[in-house]
Amino acid sequence: MAAAGLYRRKLPSPPAIEFASPEGKRLFTEAYQSGTMEGFFKLISHFQTQSEPAYCGLATLAMVLNALAIDPGRKWKGPWRWYDESMLDCCEPLEKIKAEGITFGTVACLAQCAGAEVKAFRTNQSTIDDFRAHVIKCTSSEDCHLIVSYHRKPFNQTGTGHFSPIGGYHAESDMALILDVARFKYPPHWVPLALLWEAMDTIDKTTGRPRGFMLISIHQKVPSLLYTLSCRDERWVTMAKYLMDEVPILLKSEDLKSVPLVLSILLESLPACAGYFINWVLEVRRQEENGSSLSKEEKERLAAKEEILQQVHETGLFKCVTDLSSSSNSNHILEEKHLLSEIAANVCCQEAALLSGELTSSTGICSRTCIKCFKVNDDKSTTVVSGTVVSGGNQHEVDMLVPVSKATSGCCCNSTLNNCTVMHPASTYVLTVLLLALPPNTWLDIKDKSLLSEIQGLVSTENLPDALQQEVLHLRRQLHYLKRCKDKEVDDDSTLCWFT
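Rules used throughout
Residues numbered from 1 in each chain as written. Predicted model: local features only at pLDDT ≥ 70, side-chain atom pairs only at ≥ 80, totals over all residues. Heavy atoms only, no water. Helix = DSSP H or I, 4+ residues; strand = E, 2+ residues; numbered from the N terminus. Buried < 20%, exposed > 50% of the residue type's maximum accessible area, 1.4 Å probe, protein only. Areas by Shrake-Rupley, 256 points an atom, 1.4 Å probe, with all protein chains shown as cover. Patch = residues over 30% accessible without salt bridge, like charges linked within 9 Å, V, L, I, M, F, W, Y side chains within 5 Å. Salt bridge = Lys/Arg side-chain N within 4 Å of Asp/Glu carboxyl O. Core = buried A, V, L, I, M, F, W, Y, C linked by side-chain atoms within 4.5 Å. Pairing = 2+ DSSP bridges. Contact = heavy atoms within 4.5 Å. Axes fitted to C-alpha atoms, helices over the stretch in contact; angles between N-to-C directions. Expected span 1.5 Å × (residues − 1). pLDDT = per-residue confidence, 0-100. Parallel < 35°, antiparallel > 145°, perpendicular 65-115°, else oblique. Left-handed = near helix turned anticlockwise from the far one by under 90°.

Chemist: I'd like to hear about the overall build of the protein chain, residue by residue, with values.
Modeler: A count of helices and strands for the protein chain gives 17 helices and 16 strands. Evaluated residue by residue, the protein chain yields a buried proportion of 54% over its 500 residues. Counting every atom, the protein chain has about 22200 Å² of accessible surface; 51% of that belongs to carbon and sulfur.

Next comes the structure, spelled out in structure tokens:
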């Protein structure tokens with residue numbers, strides 16, 4: 001006989017007051033009249049229950065990102081772009097979070113990777129008065145939401161560490177409203193702010209550090225349109241180690257006398273997994289959604305991506321990388337990993353599974369792909385890769401929208417794409433952007449001062465066009481936090497105050 005299981009828990013009251021109780025409703029009404037329930041309505045519109053016992057941090061963050069209307073830039077299901085727990089995997093594999101839970105620093109890292117502005121504070125980096133001020137500020141606005149990481153014990157609740165957003169504040173009683181994402185266990189409830197501070201001022205046994213709170217708001221500019229770093233595959237650890245630890249050592253060589261030699265050494269030393277580390281931000285849709293036409297929004301996004309590609313093309317570093325790539329001695333490892341044919345087959349299979357709801361499917365077979373170029377506006381062409389994918393006995397027709405620096409008209413279709421001649425964001429673009437994204441101090445060990453000056457001029461972000469500069473700086477931030485993940489330092493106190 002199957003175990004009966006549990007149906008919810010009785011909320012210990014006091015100290016908590018259930019939101020839907022007469023007293024909870026009174027607190028809500030008075031807080032609303034005082035203006036400290038402004039963020040509540042956006043949050044409650046996106047309130048969700050965590051789908052796994054260890055997904056409280058993911059559910060809380062997905063709820064907040066959707067409340068802030070931050071566009072994930074990739075589709076969730078069908079035609080819809082939407083934050084779901086399953087999409088928050090850029091800092092830790094979901095299976096690991098499911099098994100072990102998630103730390104305060106990793107939630108902050110996920111929020112930053114998702115494009116939010118994050119200010120994170122442990123209790124040893126703040127005070128209860130500062131916390132109260134932040135609660136009042138966020139609950140008085142729709143543009144900022146506050147996530148708390150706390151232990152349930154001070155509230156006499158079962159369980160240990162937990163994440164949830166704050167939905168409101170009642171000044172007279174000094175109580176905060178916790179929108180508990182474990183709704184299968186406890187309903188939303190008001191708690192004394194002083195007791196909430198006590199619950200946050202506890203040690204997470206996983207990290208040995210205090211819990212805390214973080215403020216999540218919107219970046220004024222979209223952080224990334226074209227490229228993103230990936231750590232869904234464990235091979236990213238090798239690549240992050242190479243870029244952050246090994247490259248500076250390579251640059252100490254006395255033999256480096258020219259820019260081509262520097263680039264050649266870096267390229268030839270790239271790990272075999274390099275092509276999996278930096279990915280395009282691609283859009284995939286079902287063919288039947290819009291046929292061959294592009295919506296105004298799709299055209300605008302493609303135009304913005306192509307503008308960034310053009311800006312990459314115009315940098316001095318791109319010319320150096322291109323000259324090196326065309327030489328007979330160059331290492332083509334990135335190029336091999338970024339052939340449009342390979343990307344088309346892999347992405348179409350992955351996205352067909354995603355669009356059909358088969359998030360973990362890896363059995364899709366891309367039976368046919370077709371690259372098409374057609375006019376969209378002002379004699380400009382765009383590239384669409386159409387794929388027919390067989391997965392789980394079902395056939396899916398998908399389109400992948402590809403930003404291009406140049407395009408040729410016409411169409412070429414076959415299963416291998418070997419006969420297709422289409423310009424696309426090739427390895428030279430990928431490598432150029434990745435080199436630009438390296439921290440400025442990467443190059444300081446070059447001993448030849450003249451060469452160092454030349455390299456610094458090539459990789460400087462100061463004079464880059466705004467769109468490309470934002471792209472590069474976002475990748476640089478991602479690289480920084482991924483390295484901290486690799487070094488198990490993402491929860492260090494020194495890294496948490498300002499994730500911007």
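Read on for the rest.
Chemist: Explain a nonpolar patch on the surface to me, and be specific about the residues and the numbers.
Modeler: A cluster of nonpolar residues, Tyr32, Phe41 and Ile44, forms a patch on the protein surface that exposes about 270 Å² of accessible area. Assignment of secondary structure puts Phe41 in helix α2 (residues 40-45). For Phe41, a relative accessible area of 35% translates into the label partly exposed.

Chemist: How would you explain the nonpolar core if you had to name every residue and give the values?
Modeler: Counting residues in each nonpolar core, the largest one holds 48 residues, and the members touching the most others are Trp190, Met214 and Ile216. A per-element tally of this core places helix α3 (residues 56-67) first, with nine residues. In this structure, Leu263, Ile308, Ile446 and Leu475 belong to the second largest nonpolar core, which totals 40 residues.

Chemist: Let's hear about the pattern of salt bridges: which residues, and what values?
Modeler: Summed over all chains, the structure comprises eight salt bridges. Across the pair Arg26 and Glu23 runs a salt bridge, and its minimum N-O distance is 2.4 Å. You can see Arg26 and its partner Glu23 sitting in helix α1 (residues 22-34), three residues apart, about one turn around the helix. Take Arg26: its relative accessible area is 35%, and that puts it in the partly exposed class. Judged by its relative accessible area of 32%, Glu23 falls in the partly exposed class. The salt bridge partner of Asp174 is Arg132, with a shortest N-O separation of 3.0 Å. A residue pair is termed long-range when its members are at least 10 positions apart, and Asp174 in the loop between β4 (161-170) and β5 (175-178) and Arg132 in helix α6 (residues 128-139) qualify at 42 residues. The exposure class assigned to Asp174 is buried, which follows from its relative accessible area of 18%. Where salt bridges share partners, they join Glu23, Arg26 and Glu30 into one cluster.

Chemist: So what's going on with helix α15 (residues 427-437)? Residues and values would help.
Modeler: A large share of α15 lies buried, amounting to 11 of its 11 residues. Residues Ser427, Thr428, Tyr429, Val430, Leu431, Thr432, Val433, Leu434, Leu435, Leu436 and Ala437 constitute the buried set of α15.

Chemist: An account of the sheet that holds β4 is requested, with residue identities and associated values reported.
Modeler: Spatial ordering of the open sheet is given by β1-β6-β5-β4-β3-β9-β2, a layout of seven strands whose pairing is antiparallel. Among the strands making up the open sheet, the edge pair consists of β1 (17-18) and β2 (116-122). Two elements, strand β3 (residues 144-151) and β4, share five bridges in a ladder whose sense is antiparallel. The residue bridging Ile147 from the neighbouring strand is Pro165, located in β4. Along the sheet face, α1 touches β1, β4, β5 and β6 (189-192) and points at about 60° away from the line of β4. Each of β2, β3, β4 and β9 (212-218) is contacted by α3, which is oriented at about 40° to β4, the strand it contacts most.

Chemist: I'd love a proper account of α3, names of residues and values included.
Modeler: Over its 12 residues, α3 extends 16 Å from the first C-alpha to the last, a length consistent with the 16 Å expected when each residue adds 1.5 Å. With 12 of 12 residues buried, α3 lies mostly within the body of the structure. Looking one or two places after α3, you find Ala69, whose phi comes out positive at around 60°.

Chemist: Residue-level account of the confidence of the model for the protein chain, with values.
Modeler: Mean pLDDT for the protein chain: 77, with 67% of residues reaching 70 or above. When the elements of the protein chain are averaged for pLDDT, strand β16 (residues 410-414) gives the smallest value, 38, and β5 the largest, 97. This stretch, residues 330-341, has a pLDDT under 50; its non-local contacts, to residues over four places away or in other chains, come to 38 contacts. Scored below 50 in pLDDT, residues 407-423 shows 36 contacts in the model against residues more than four places distant or in partner chains.

Chemist: Describe the packing of α6 against helix α7 (residues 193-200), with residues and values.
Modeler: Orientation of α6 relative to α7, taken along the N-to-C sense of each, is 115°, at an axis distance of 11 Å. Relative to α7, the element α6 lies roughly perpendicular. Both α6 and α7 take part in a crossing whose hand is right-handed. Listed contacts from α7 to Ile128, Phe131, Arg132 and Val135 of α6 are Leu193, Ala194, Leu196, Trp197 and Met200.

Chemist: Let's hear about the environment of Ala272: which residues, and what values?
Modeler: Turning to its location among the elements, Ala272 is positioned in the loop between α9 (259-268) and β11 (278-280). Taking the C-alpha atoms as reference points, Ala272 and Thr238, separated by 34 residues in sequence, lie 9.3 Å from one another.

Chemist: Any details on the pairing of β6? Residues and values, ideally.
Modeler: By the bridge criterion, two bridges tie β1 to β6 in an arrangement that is antiparallel. Counterpart to Glu18 in the pairing with β6 is His189. As paired elements, β5 and β6 share four bridges and run antiparallel to each other. When the sheet's bridge partners are listed, Met175 is paired in β6 with Pro192.

Chemist: Give a detailed account of the pairing of β5, specifying residues and quantitative values.
Modeler: Burial along β5 is two-sided: the residues Met175 and Leu177 and Ala176 and Ile178 are all buried. Relative to β5, β4 runs antiparallel, the two sharing four bridges. Opposite Ile166, over in β5, you have Ile178 as the bridge partner. Once β4 ends, the chain turns through four residues before running back antiparallel as β5, passing Asp174 with a positive phi of about 55°.

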